[in-house]
Amino acid sequence: MTTIQKKPENPIAHLSRQDIEDIGEQLDAIRASVIDSRGEEDAAYIRKVIDAQRSLELASRAVLLASLFPPAWLAGTAGLSVAKILENMEIGHNVMHGQWDWMRDPKIHSTSWEWDNASPAELWKHSHNELHHTYTNVVGKDNDLGYGIMRVDEEQRWMPFYLGQPLWNLINACFFEYGIAAYDLELGKNWSTRKENPEFQRQAAEVLKKIRAQATKDYLVHPVLSGISAPTTLAANLTANLVRNLWTHSVIICGHFPEGVETFEKASIEGETRGDWYVRQMLGAANITGSPFMHLMTGNLSFQIEHHLFPDLPSNRYAEIAPQVRAIFDRYDLRYAEGSLPRQVASAWKKVVRLSLPNNFLKRAASARTPAAAVATVTELFAPAPRVGRGEERQAA
Amino acid sequence: MPTTVLRPGRTSRAPLTALREGAVKLAELVATPLVPADYLDMVSPLRASADLCGRIVEVRRETADAATVVLEPSGAWRGHEPGQYVRIGVDVDGVRLWRAYSLTSPADARDGRIKITVKAIPDGVVSNHLVRHARPGTIVQLDQAQGDFTLRGTAPAKALFVTAGSGITPVMGMLRSHGARLEDVVLVHSAPTPRDVIFGAELRGLASTGRIRLVEQHTDSGGMLDAAGLAELVPDLAERETWACGPAGMLDAIEQHFADHGFPERLHTERFRAAVTVAGDGGTVTFSGASTTVEADGASTLLDVGEAAGVLMPSGCRMGICFGCVAPLREGTVRDLRTGELTTAAPGDDVRIQTCISAAAGACDIDL
Ligand SMILES: Cc1cc2nc3c(=O)[nH]c(=O)nc-3n(C[C@H](O)[C@H](O)[C@H](O)COP(=O)(O)OP(=O)(O)OC[C@H]3O[C@@H](n4cnc5c(N)ncnc54)[C@H](O)[C@@H]3O)c2cc1C
Ligand code: FES
């Protein structure tokens, strides 16, 4: 992938200024139609999901008290995994986006919600809602692009460190909630100056407090309460957290990493109009196709395009507006990126692997005529970093 | 006689208390990041430790446009003084709206239930919902009773109640609670027709047994009652401790009369809405805590503006008397819609304003 502005065939070159503003107006109209019709049924929906999630979690933890008995272990672990996924995705992520603030229920409100995740709500809301949703897919601005540990765009400068990125991605997937917390803390950037940064120290203390509480619950109190089933309950909770981490990581990488999702240059968002912003969101996300249950389990982030256009509309309404949004893509000859979960996950991983090597590396290696040329191409990987060239200064800056 | 002084600390704590505290701590550890109450609310929303709320038990029609809502309050309810009101938070179309309603049930009701009586006003969102759509079984949010439109523990020898329309409600609460203790009661009540008199049958019953002297003023046929007419109807007005509740025009006239005749301290009034006299200029309002910015017109209260934007706004009577809505104004200017008075805060200031009667008069920053 190359930022849209640098592509040989810029997929939005055919849009006139008027087209872009018209797209904005049509999307605003869709947004208004949902806001005007938000009501009792939507409120009942989120309350039902919250009740179901809490019941499922309690029931699963109760079943796990007898986790020594293998069927109980299986049922409890499966139930707890689903409960944790629902809690993070359809409930936590969406409530913290303010999707349900309109109900004015202080118990289901973005300012009061706390979730079962290592990153405290306040910290996550800042890095996710303010940074990622504002600067979606702008290279050098949106840290979600590769989470600062991976190269996910041709225009990010290659370094030998990235050779390991398939492994980094796997580790990040397994420990995703901690990865998010580290990322929300901007650990990489802040670590060296941590001593002089009281704000970072405060946030880090919050994160540690949260991690301690989560770990005490899952890895100490619940196992101890299980008596002789303690070791198996511990294993069940570790498994549920791992399943939740792998699942959420997969859903999230499907949102912005698959082939077909566009990235943008930093300079391109200066003076952006509402229409421009909408177009960037349209092309900077990809959807996942699937059943209603799958959509629920992704927190409706399977409608990533709709979510990015309207991050604060109730998630249960994305499915309904998706065809209208798609019609706008079709009308303006834009690509609505979507695919099944396995396809999108594979596509995202393929990109992670491909970009772990310098641009066009495989092609160059394959087309090397002599063994010596091939060796030369490979040794380039470990040569001192090349001078910053065109298209690379953005990341280096 | 020597007494044993209990020293605070471990040793003085009853083992049961310690056990209880341990159980609570354990429940907290298991519930994190939620609190145990979040789970208990699912099975027992009315328990004593829950946030104050109530369950609608019955909705009883009173007149064509008024109904009494009977509520079973949760364990945290602390009771009320007759004449006080309760704030109730109802979900209408999924949105929680808070309004104040006077309590019409006796303070010592044996079944522990409380009643409010609501008159649907044209286009009124909450009043119409309660009168026409409220269903038994629904949980509503409540606040403890408040207000000082009460007999204040005394039983005056002679009492006068002047009410109109739904203004009868706090008085009905007093009559039902103190009826037996008030010896000499006159009630002058205005309503368009006899059929519009809320609690008509009950009031007429009280009158027929001689418990009260009831004067019904039917305004469709007899016109509005003015202060002079009232003085004529109640010749010993000056001797009566008076409680009045009704539309602003009526209350203003009575207040004027009592002031002119030199006994304003005899009069107690209750207003259901603030008398808005001016509009602000409008402006951009920032609710800094919620990171929300909206454009407000000069006639909408900051409370309404904030609520419409999804900000969690504290509120109470919504008419400028209880100070339940007070919030810090950090910067900018707001106008008091009742008086037109301007309040200004310089950056960094912490000026407390009542959002329910203030509107933006230029850009302002509210710390909520
Ligand atoms: C201390 C106190 C006690 C109260 N007790 C009672 C009671 O016992 N019974 C009762 O029925 N009401 C009572 N009210 C009034 C009640 O709180 C609501 O204001 C009323 O029900 C209207 O709410 P709404 O949501 O239906 O109207 P809204 O949707 O808020 O308003 C609709 C329209 O009606 C106007 N309006 C608002 N309030 C009134 C009003 N009171 N009279 C006329 N027009 C109005 C508004 O300006 C608006 O134009 C009391 C109010 C207070 C402050
Ligand atoms: S809400 Fe009572 S004073 Fe504002």
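Residues numbered from 1 in each chain as written. Chains lettered and ligands numbered in written order. Predicted model: local features only at pLDDT ≥ 70, side-chain atom pairs only at ≥ 80, totals over all residues. Heavy atoms only, no water.

## Looking at the overall build of chain A
As a reminder, the rule being used: Strands here mean DSSP runs of E at least two residues long; helices mean DSSP runs of H or I at least four residues long; both are numbered from the N terminus. Here the globule rule is a power law, 2.2 Å times the number of residues to the power 0.38, and the radius of gyration is based on C-alpha atoms. Note on exposure labels: buried denotes an accessible area under 20% of the residue type's maximum, exposed denotes more than 50%, and partly exposed covers the range between, all computed with a 1.4 Å probe on protein chains only. Contacts are assigned to residue pairs with any non-hydrogen atoms lying within 4.5 Å of each other.
On a plain count of helices and strands, chain A comes out with 17 helices and two strands. A compact globule built from 397 residues would reach a C-alpha radius of gyration of about 21 Å, and chain A, at 23 Å, matches this within 12%. Principal-axis analysis of the C-alpha atoms gives chain A an extent of 65 × 55 × 45 Å. Looking at the 397 residues of chain A, the share that counts as buried comes to 51%. Taking as baseline every contact in chain A between residues at least 6 positions apart, the subset at least 24 positions apart corresponds to 72%.

## Overview of the site of ligand 1
Residues and elements named next belong to chain B. Definition in use: Nearness is judged by heavy atoms alone; a residue qualifies as near a molecule or strand once a single heavy atom is within 4 Å of it. We define a polar contact as two N or O atoms separated by no more than 3.5 Å, with the added condition that, inside protein, one atom must be a possible hydrogen donor and the other a possible acceptor, whereas residues neighbouring each other in sequence contribute only through side-chain atom pairs. Areas reported as accessible are Shrake-Rupley estimates using a 1.4 Å probe. Residue values count occlusion only from the protein chains shown. Side-chain classes are defined by residue name, with Ala, Val, Leu, Ile, Met, Phe, Trp, Tyr, Cys and Pro counting as nonpolar, Asp, Glu, Lys and Arg as charged, and the others, Gly among them, as polar.
Lining the immediate environment of ligand 1, one finds 22 residues, of which A100, Y101, S127, T169 and R273 sit closest. Within the backbone of V126, one N or O atom sits 2.9 Å away from an oxygen atom of ligand 1. With respect to ligand 1, the side chain of R273 contributes an N or O atom lying 2.6 Å from an oxygen atom. Relative to its unbound accessible surface of 910 Å², ligand 1 loses 77% to contact with the protein. In terms of residue class, the shell around ligand 1 is made up of ten nonpolar, six polar and six charged.

## A look at the pattern of salt bridges
Defined as follows: By definition here, a salt bridge exists when the distance from a side-chain nitrogen of Lys or Arg to a carboxyl oxygen of Asp or Glu is within 4 Å.
Taken as a whole, this structure holds 47 salt bridges over all chains when the rule is applied. One salt bridge in this structure joins D91 of chain B and R47 of chain A, with 3.5 Å as the shortest N-O distance. Of this pair, D91 of chain B sits in strand β3 (residues 85–92) while R47 of chain A sits in helix α2 (residues 40–64), each in a different chain. Note that D184 of chain B and R240 of chain B form a salt bridge whose closest N and O atoms lie 2.9 Å from each other. Taken together, the residues D184 of chain B in strand β8 (residues 184–191) and R240 of chain B in the loop between α7 (227–233) and β10 (241–245) connect sequence positions 56 residues apart. Judged by its relative accessible area of 4%, R240 of chain B is buried.

## Looking at the sheet that holds strand β11 (residues 267–270) of chain B
All names here are of chain B. Note the cut-off: Think of it this way: DSSP has to see at least two bridges between two strands before they count as a pair. Axis definition: a line fitted to C-alpha atoms, limited for helices to the stretch in contact. Angles are taken between N-to-C directions and run from 0 to 180 degrees.
Pairing is parallel across the open sheet formed by five strands, whose spatial order is β9-β8-β7-β10-β11. Every other strand in the sheet has two partners, leaving β9 (213–218) and β11 as the edge strands with one partner each. Put simply, the sheet's adjacent strands are angled 15° from each other on average, direction ignored. As defined by bridge partners, strand β7 (residues 158–164) adjoins β8 across seven bridges and the pair is classed as parallel. Each residue of the ladder has a partner; that of K158, found in β8, is D184.

## Points about the interface of chain B and chain A
To be explicit about the condition: Note: buried area is the sum, over both parts, of the accessible area (probe 1.4 Å) each one loses when the two are combined.
Contact residues are listed per partner, giving 22 residues for chain B and 30 residues for chain A. Summed over the three residues of chain B that lose the most area to chain A, namely P33, R96 and L312 of chain B, the buried surface amounts to 25% of that side. At the boundary of chain B and chain A, one finds five salt bridges. Within the residue set of the side of chain B that touches chain A, elements represented by two or more residues are α1 (15–31), α2 (36–43), β4 (95–102) and α9 (302–308) of chain B. Among the residues forming the side of chain B that touches chain A, the class breakdown is twelve nonpolar, three polar and seven charged.

## Re the sheet that holds β4 of chain B
Strand pairing in a sheet takes place through backbone hydrogen bonds and is either antiparallel or parallel in direction. Residue and element names in this part refer to chain B. Judged by pairing direction, the sheet is antiparallel, and its six strands sit side by side in the order β4-β3-β6-β1-β2-β5 without closing on themselves. Because the sheet does not close on itself, it has two edges, and the strands there are β4 and β5 (114–119). In this sheet, adjacent strand axes meet at a mean angle of 40° when their direction is disregarded. Pairing geometry for strand β1 (residues 53–63) and strand β6 (residues 139–142), over three bridges, is antiparallel. Residue pairing across strands places C53 opposite Q141, the latter belonging to β6.

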